[in-house]
Each structure stands twice: as C-alpha cells, then as structure tokens.
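Residues per chain are reported as follows:
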Amino acid sequence: MLQLLHIENIAVIERADIELEDGLTVLSGETGAGKSIVIDSIGAILGRRVSRDLVRSGAKKGFVSAVFTELPASLKALLDELDLTGEEPDTLHIQRQITADGKSSCRINMKPVSATTLRLLAPYLIDIHGQNDGQKLLDEQHHIDYLDGYAGCAPLLAQYQPNYQALLSLRREIHALETGEQERLQRIDMLSFHKNEIEQAALKPDEDESLAQRKAYFDHAGRIAVSLDRARLALSGDDEIGGACALLDEVSSAISALREVSDAFDGMAEQAEEVRLLAADLRDSVCSQSGNLDFSPAEREFVEQRLDEIYRLKQKYGGTIPEILAYRDKIDAELNSLENADDRRETLREQYREKLAETKRIAAALTEKRREAAKKLEQEIVRELSELDMDKVRMRIAVHTGTKLSAHGFDTVTFEISVNPGEPEKPLSKVASGGELSRIMLALKNVLTAGEDVGMLIFDEIDTGVSGHAAQQIGRKLSAIAKKKQTLCVTHLPQIAAMGDHHLRISKSVRDGRSFTDVSPMDRTHRIDEIARLLSGEEISDAARRNAEELLDAAGRGV
C-alpha cells in the first residue's frame with residue numbers, strides 16, 4: 001500500500017505531504033485546484049513520462065517521493081532480483097526528481113535507477129484508472145488485451161509472439177529471394193566482375209609503397225647519375241687532377257713517416273690511416289653504384305602502369321590495398337550466399353513450415369483459453385454491473401477465430417452489451433452511454449485486478465456522466481473494492497465522496513500573487529461542508545449540510 005506521498009515544486013503544489021491509509025480515500029476539490037497534479041505525481045514515481053512543464057514555475061527542480069509498505073511476496077522477489085531491497089524488507093522508498101531543463105533522475109531505496117525500472121515495479125504498486133480508459137474500452141483492438149489479462153494468457157503469449165515475429169522475418173526473407181531473382185543475377189554479375197578484377201590484379205600488401213619508391217628513383221635518375229659522377233671524380237680524380245683519395249694517401253704516408261722520429265705521432269698517424277681507408281671505401285661504393293645504375297625504360301613503364309592500376313582499384317574498392325583485399329573477401333561471402341540462394345530458399349521454407357506449425361499450436365491453445373475465460377468473464381462483469389444499478393444488462397464477449405495468424409493468434413475479441421431488455425447485444429461503442437461506460441469499466445477493473453498483486457487502485461474521475469442512484473451504487477462498489485485493496489478515488493460526486501473511509505480536500509489559494517495548492521485531510525465537520533459544496537456549489541445552504549450529513553450517516557450504516 002502507498003503510505004506516504006511527498007510532492008515538492010510540482011506545478012501549483014509547492015509542498016505537500018499526503019498520508020494515506022487502508023480503505024477508500026476520496027480526493028475532492030474545485031476544478032483546477034490541482035487534483036490531476038496529484039495523479040501526475042503518482043504517475044511520475046511509477047515511471048511514467050514526465051515533462052519539464054511539470055516543474056513549478058521559478059523552481060530549478062521538482063521532486064516526488066513515495067513510501068510503500070506491506071509489499072507482496074512477488075514484489076519482494078523482484079526487488080531481490082534487481083538488488084534493490086532496502087534496509088527494511090517490507091518497505092519500499094521511491095524518489096524521482098525532474099529538473100527545469102527536462103532531465104529526470106530516479107532512486108529506489110536510495111539506489112539510482114532508470115525510469116524503465118520504475119515501470120517494472122509499477123504493476124505491483126498502483127493501477128491508475130483514468131477517464132481515458134473509458135475511451136480505450138470503446139476501442140475493440142484493446143478488448144483482446146482485457147480478456148487475455150483475465151485468462152492469464154501471458155505465458156502463452158510470451159511463447160507465441162517471438163514465434164510470430166520469427167514467421168514474419170522468414171516470410172520477408174523468402175519473399176525477397178523469390179521476387180528478386182533478376183536483381184540477384186545482376187548482383188552476381190557485378191560482384192563476380194569486381195572479384196575477378198581484384199584477383200587478376202594479384203595485389204600484395206605494401207606493394208604500392210615499394211613501387212612508389214621505385215618510381216621516385218626513376219623520376220630522379222639523371223640527378224642521381226650526375227651526383228654520383230661528381231662524387232667519383234672528387235674521390236678518384238682523372239688524368240689531370242688527383243682525387244681526394246690520392247691526397248689522403250699522401251697525408252697518411254707523410255704522417256706515418258713521422259712515427260720513426262717520435263712516438264708522439266702514433267695517434268695522428270692512426271687517424272690519417274683511418275680517414276684514408278674510409279675515403280677508399282666511399283670511393284668504391286660510389287663507383288659501384290655508378291656502375292649499377294639501371295634506367296630501363298621498360299621497367300619504368302611497368303612501374304607506372306602498375307601504380308595506375310592500383311590507383312584505379314583504390315578508387316573503386318578501397319583506399320588502401322588491405323581495404324581492397326577485405327572487400328574481395330566480403331563479396332566472396334556474398335557471392336557464395338547468392339549463388340546458393342536456391343538451397344537457402346528451400347532451407348527457409350522448411351524452417352517456415354516448422355515454425356508455422358509450432359505457432360499455430362500455440363495460437364490454438366490461446367483460442368481455447370480465451371473461449372473458456374470469456375464465459376466466466378461475462379458472468380463476473382454482469383454480476384458486478386447488477387450491483388451498479390445495471391441489473392438488466394446482458395454481456396457477451398465474442399471470440400472470433402479466423403484462419404490467419406496475427407500478433408494475437410487466430411482471434412479477435414469484441415465486448416458486446418445489451419442495456420435494455422429485448423435488445424440484442426451490440427458493440428460497446430454503439431450502445432453504451434458515458435455513465436454506463438464508467439460503470440462497465442469499473443466492473444471490469446474490479447474483476448481484472450481481484451487476483452493481481454497490485455497494492456493500490458486509483459480511480460481518476462470515473463464518475464463522468466453518472467448521477468443519482470447510479471453514483472451511489474458506484475460509491476458502494478468502490479467501498480467494496482477498498483475492503484480488498486487500498487483505493488483512492490478522485491471525484492466530484494457527493495454520493496461517492498460520502499462513501500470514503502478517508503477524505504482529502506485539495507484547494508488552491510493565491511498568496512503574494514502566486515498560486516498555491518494544499519492537500520488536507522478532513523474531519524467529519526469539514527467533510528460535511530465539502531460534500532455540501534459538491535451538492536450545492538460555493539453557496540452552501542443549511543439544507544445542503546443536512547443532506548451531506550445524511551449521506552455520511554447512510555454510508556456509515558452501509559446503506
């Protein structure tokens with residue numbers, strides 16, 4: 001159950017602490033006072049989408065927190081699984097903060113979580129039934145969901161839906177293979193050409209780099225030859241001029257002769273000899289390179305053509321040789337798949353036949369479960385409606401079974417009703433008035449949530465289009481529901497307000513030019529005034545107060 005709700009800087013609510021108890025709590029107040037803000041705040045801690053507009057004007061952030069107690073065993077197990085159990089295992093703390101720039105942060109038992117995690121816990125905490133649910137009930141697409149919830153079809157649907165999606169995927173793939181034969185052949189031709197072109201090139205890793213170096217050699221061949229010849233001449237000399245090597249020979253010979261005079265010249269002589277030998281080695285290397293110069297026009301043409309070919313392949317298939325080779329491997333795999341399409345198609349068809357048989361089996365089980373549950377649900381809703389001043393109503397939940405599979409199996413479901421004796425059952429959208437729809441939704445909600453673990457039910461102004469005796473019957477039904485589950489009802493009807501075990505009034509005031517909303521519990525005296533206001537408006541008469549007191553007394557007696 002929800003024990004405490006704290007709201008801070010949410011819309012017109014600057015700060016509110018709402019304590020809730022077992023039984024039926026009614027929430028009333030003037031239109032625009034902020035009743036919907038309380039429901040939106042509860043929605044926030046259940047993980048529902050929130051807007052930056054929810055933050056009070058001028059505040060940097062809004063904040064909502066809730067304390068739940070008497071947790072069901074299934075919720076405790078889920079909290080353990082998610083490692084979110086708090087210090088008090090039977091208590092759950094949820095907090096959500098919304099900033100003015102639209103960001104949101106959530107905590108469960110002081111641990112940060114996502115809004116998705118809050119939504120995982122929501123089915124165990126609170127079920128909110130609002131005015132929009134009545135419109136949802138008119139949409140026949142949702143009827144199968146109501147029946148499946150009652151019938152307990154979730155395990156079967158968890159098996160069925162992945163199978164159904166797999167069938168759709170297989171069908172699309174088979175269709176693509178069957179209808180794309182021309183495209184497949186064209187693709188094979190194109191990829192085969194690409195593959196042959198790359199393979200005929202016989203590319204080698206880093207080949208382009210070595211070729212580029214060779215081309216640079218050819219591009220500077222003349223300069224290389226001139227430089228080597230100058231170096232050779234400077235080192236070796238010619239018939240007229242002696243080269244550096246000859247001069248160094250003389251230097252070494254002259255200094256070596258001094259060693260006979262004194263040992264002091266030994267080091268100098270060794271240096272001169274070392275320089276002479278280095279110069280001789282350099283002369284030999286230069287002469288060798290000069291003799292090995294190769295300026296073959298044929299090789300140069302080959303290098304340039306090869307580089308052009310590699311450049312063209314890079315333009316088409318990848319920026320580097322490794323990328324071109326990787327593309328070849330990729331198209332090789334695709335070609336293998338395309339060329340084996342017939343085998344692939346037959347394999348897919350066999351998979352489809354097997355998956356179809358399995359999916360049909362599950363769909364048939366769903367049909368059986370729905371048909372069995374439909375009769376029981378009809379009876380329970382009719383019984384509930386008889387307690388809501390609709391004792392002449394007849395209800396039929398029609399399960400229409402076709403031959404084609406859909407996301408729900410073979411079936412479509414429609415809720416049909418007759419509210420007048422002698423009239424045949426017709427779809428809800430054709431016969432139900434607003435007041436009748438509210439009661440049907442209340443009856444359905446009571447039946448569907450009876451066996452669920454949800455700890456609290458919230459009914460947000462479900463009394464639209466209802467008045468008089470029907471309103472009193474709805475109040476009694478809410479009171480009966482509240483004996484089984486904690487219930488909060490937002491209402492504007494005095495007959496329903498009088499049935500509450502507890503009554504909260506939400507009021508709006510203006511202080512210093514700003515709107516403020518307060519949520520206050522009421523004692524009997526204040527309840528009489530509030531119910532009288534609901535009866536007669538702002539001008540409360542003594543007669544209205546007496547009427548209000550009578551409603552409270554009658555509710556206390558269970559009348």
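For the structure itself, look to the data block above.
Let us look at the structure shown here.

### Section: the packing of helix 5 (residues 143-151) against helix 14 (residues 341-386)
Part 1: Running from amino to carboxyl end, helix 5 crosses helix 14 at an angle of 95°, the nearest separation of the two axes being 9 Å. Between helix 5 and helix 14, the angle is such that the two are roughly perpendicular. Listed contacts from helix 14 to Ile144, Leu147, Asp148, Tyr150 and Ala151 of helix 5 are Lys369, Arg370, Ala373, Ala374, Lys376, Leu377 and Glu380.
Part 2: For the contact of helix 5 with helix 14, the residue count by class is seven nonpolar, no polar and five charged.

### Points about helix 3 (residues 115-125)
Two residues of an α-helix separated by three or four positions point the same way, owing to the 3.6 residues in each turn.
Part 1: Listed in full, the buried residues belonging to helix 3 are Ala115, Thr117, Leu118, Leu121, Ala122 and Leu125. The arc enclosing the buried residues of helix 3, seen along the axis, measures out at 155°, which places them on a common side.

### A word on the side chain of threonine 414
Part 1: Mapped onto the fold, threonine 414 is located in strand 10 (residues 409-418).
Part 2: Engagement of the side chain of threonine 414 in a polar contact is seen with the side chain of glutamate 416, the distance being 3.4 Å.
Part 3: Beyond its immediate chain neighbours, meaning those up to four positions away, threonine 414 contacts Glu140, His143, Arg396, Ile397, Ala398 and His400.

### Points about the pairing of strand 3 (residues 24-29)
Part 1: Within strand 3, six of the six residues are buried, which leaves it mostly tucked inside the rest of the structure.
Part 2: Here strand 3 shows no split at all, with Leu24, Val26 and Ser28 on one side and Thr25, Leu27 and Gly29 on the other all buried.
Part 3: Two elements, strand 3 and strand 13 (residues 486-490), share four bridges in a ladder whose sense is parallel. Its bridge partner being in strand 13, leucine 27 is matched across the sheet by valine 490.
Part 4: In terms of strand pairing, strand 3 meets strand 14 (residues 502-511) through five bridges, oriented parallel. The residue of strand 14 that forms the bridge with serine 28 is arginine 505.

Scoring rules and cut-offs
Residues numbered from 1 in each chain as written. Predicted model: local features only at pLDDT ≥ 70, side-chain atom pairs only at ≥ 80, totals over all residues. Heavy atoms only, no water. Axes fitted to C-alpha atoms, helices over the stretch in contact; angles between N-to-C directions. Helix = DSSP H or I, 4+ residues; strand = E, 2+ residues; numbered from the N terminus. Parallel < 35°, antiparallel > 145°, perpendicular 65-115°, else oblique. Contact = heavy atoms within 4.5 Å. Nonpolar A, V, L, I, M, F, W, Y, C, P; charged D, E, K, R; others polar. Buried < 20%, exposed > 50% of the residue type's maximum accessible area, 1.4 Å probe, protein only. Arc of directions from axis to C-beta. Polar contact = N/O pair within 3.5 Å; in protein donor to acceptor, adjacent residues only side chain to side chain. Pairing = 2+ DSSP bridges.

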